[in-house]
Amino acid sequence: MTGTRRTALVTGASRGIGRAIARRLAEDGYDLTLSSRDTDALRAVAKELGQLGVRTEVAPADMAAEDDVRRVADVHRAAYGRLDALVLSAGVGSSAPLGGYPLRRFDKQFAVNVRAPFILIDACLDLLRETAELAPETGTKIAAISSVTASAPEPGLSAYGASKAALVALCEAVNTEASADGVAATAICPGYVDTDMSAWMHDRIAPTEMITSEDIAELVLALTRTSRRAVVPHLPVVRAGSELWRA
Ligand SMILES: NC(=O)c1ccc[n+]([C@@H]2O[C@H](COP(=O)([O-])OP(=O)(O)OC[C@H]3O[C@@H](n4cnc5c(N)ncnc54)[C@H](OP(=O)(O)O)[C@@H]3O)[C@@H](O)[C@H]2O)c1
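Not measured: the values here are computed from a predicted model.

### Some remarks on helix H2 (residues 39-50)
- Spanning 12 residues, H2 covers 16 Å between terminal C-alpha atoms, matching the ideal 16 Å at 1.5 Å per step.
- Where the residues of H2 are buried, they touch helix H1 (16-27), strand S2 (31-35) and strand S3 (56-58).
- For H2, the capping residue at the N-terminal end is Asp-38, with a side-chain oxygen 3.2 Å from the backbone nitrogen of Asp-40.

### A few points about the pattern of salt bridges
- Enumeration over the complete set of coordinates arrives at 17 salt bridges.
- Two residues, Glu-66 and Arg-70, come together in a salt bridge whose shortest N-O distance is 2.9 Å. Placement of the pair is Glu-66 and Arg-70 together in helix H3 (residues 66-80), with a separation of four residues, close to one helical turn.
- Overall, Glu-66 belongs to the partly exposed group, its relative accessible area being 33%.
- Residue classification places Arg-70 among the partly exposed positions, given a relative accessible area of 33%.

### So, the pairing of strand S7 (residues 234-237)
- Inspection of the sheet shows strand S6 (residues 183-190) paired to S7 by four bridges, in the parallel sense. For Pro-190, the partnering residue across the bridge sits in S7 and is Val-237.

### Considerations on the site of the ligand
- Around the ligand, the structure places 30 residues, and the nearest of them are Arg-15, Ser-36, Arg-37, Tyr-160 and Thr-195.
- For the ligand, an oxygen atom lies 2.7 Å from a polar atom in the side chain of Arg-15.
- Out of a free accessible area of 880 Å², the ligand has 96% covered by protein chains.
- Counted by class, the shell around the ligand contains 13 nonpolar, 11 polar and six charged residues.

### Let's talk about the nonpolar core
- Core analysis: the largest hydrophobic core is formed by 32 residues, its most contacted members being Met-63, Leu-86, Cys-124, Leu-128 and Ile-142.
- Elements with a contribution of two residues or more to this core: H3, strand S4 (85-88), helix H4 (103-134), strand S5 (140-145), helix H5 (158-178) and S6.
- Here this core gets nine residues from one element, more than from any other, and that element is H4.
- Setting aside anything within four residues of it in sequence, one finds Met-63 in contact with Thr-11, Ser-35, Val-69, Val-72, Ala-90, Ala-111, Val-112, Ala-116 and Leu-120.
- Among the nonpolar cores identified, the runner-up in size contains 30 residues, and Ala-22, Val-193, Ile-216 and Leu-221 belong to it.

### Considerations on the packing of H4 against H5
- Two elements in contact, H4 and H5, have axes separated by 9 Å at closest approach and are oriented at 15°. The orientation of H4 with respect to H5, classified from their angle, is roughly parallel. The handedness of the crossing between H4 and H5 comes out as right-handed. Contacts between H4 and H5 pair Phe-106, Gln-109, Phe-110, Asn-113, Val-114, Pro-117, Phe-118, Ile-121, Leu-125 and Arg-129 from the former with Ala-159, Tyr-160, Ala-162, Ser-163, Lys-164, Ala-166, Leu-167, Leu-170, Val-174, Glu-177 and Ala-178 from the latter.
- Across the contact of H4 with H5, the residue classes tally to 15 nonpolar, three polar and three charged.

Cut-offs applied
- Residues numbered from 1 in each chain as written.
- Predicted model: local features only at pLDDT ≥ 70, side-chain atom pairs only at ≥ 80, totals over all residues.
- Heavy atoms only, no water.
- Helix = DSSP H or I, 4+ residues; strand = E, 2+ residues; numbered from the N terminus.
- Expected span 1.5 Å × (residues − 1).
- Contact = heavy atoms within 4.5 Å.
- Polar contact = N/O pair within 3.5 Å; in protein donor to acceptor, adjacent residues only side chain to side chain.
- Salt bridge = Lys/Arg side-chain N within 4 Å of Asp/Glu carboxyl O.
- Buried < 20%, exposed > 50% of the residue type's maximum accessible area, 1.4 Å probe, protein only.
- Pairing = 2+ DSSP bridges.
- Near = heavy atom within 4 Å.
- Areas by Shrake-Rupley, 256 points an atom, 1.4 Å probe, with all protein chains shown as cover.
- Nonpolar A, V, L, I, M, F, W, Y, C, P; charged D, E, K, R; others polar.
- Core = buried A, V, L, I, M, F, W, Y, C linked by side-chain atoms within 4.5 Å.
- Axes fitted to C-alpha atoms, helices over the stretch in contact; angles between N-to-C directions.
- Parallel < 35°, antiparallel > 145°, perpendicular 65-115°, else oblique.
- Left-handed = near helix turned anticlockwise from the far one by under 90°.

Honestly, it's all geometry; don't read function into it.
Printed below as a string of structure tokens:
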């Protein structure tokens with residue numbers, strides 16, 4: 001049965017940017033499906049966000065496993081019957097120079113950062129289109145967390161940047177197929193954000209100089225509020241300072 005409350009499916013919701021986005025959407029009244037591999041962490045987030053008065057479902061999944069990814073879409077549809085925002089935040093990064101780059105690391109990054117978003121978008125698009133008919137002002141949204149390295153490469157991040165560039169291209173393609181039906185996709189492309197993922201850079205960039213997860217969450221919320229007439233294909237977010245396009 002289709003509910004009247006807005007809902008979002010958030011991957012990578014156990015920590016970092018995905019968790020901040022889930023919280024910001026919950027504060028705005030979204031019921032949520034939360035996914036990552038860590039069931040205990042997801043339950044803790046669900047409990048915390050449930051205290052804001054929203055419904056939360058937990059859908060543990062390894063984004064590198066196709067069946068898991070499809071199950072997440074099934075869990076959300078069965079629970080809510082509508083999908084207003086699909087947030088793709090699960091991601092992995094692995095830095096190593098070219099000239100012997102381990103191919104299994106390339107494969108893992110493409111599996112989690114590109115293949116899983118592709119499968120989830122494919123599996124959710126009908127529901128996003130159906131829900132867009134119920135939300136005539138805004139339509140429905142896909143927000144994928146890409147990276148500034150998609151367009152501004154960094155040494156060591158060739159596979160990561162390539163995977164994130166593919167994610168940008170995926171969002172652009174979704175817009176050509178679905179934006180006329182009210183489904184708009186945005187690839188958000190941040191520089192370093194202060195999370196577990198960027199901790200390896202702390203010797204070079206202080207966490208206090210990094211973008212905050214809450215900044216990204218605020219932008220996702222803003223995207224959910226734009227009219228269905230506007231499409232934001234990609235959105236760079238860079239750190240303050242003199243090297244704006246460095247991650
Ligand atoms: N932090 C940055 O500087 C930065 C900059 C630009 C873009 N990004 C992108 O932003 C997104 C979120 O990153 P973050 O900074 O929040 O990193 P994070 O704190 O390391 O969180 C990563 C999230 O992805 C999930 N995840 C990782 N591998 C997974 C897998 N195989 N299956 C399912 N879930 C998986 C993790 O959950 P579990 O471990 O519980 O599975 C976690 O919730 C990523 O796509 C990242 O590439 C980050």
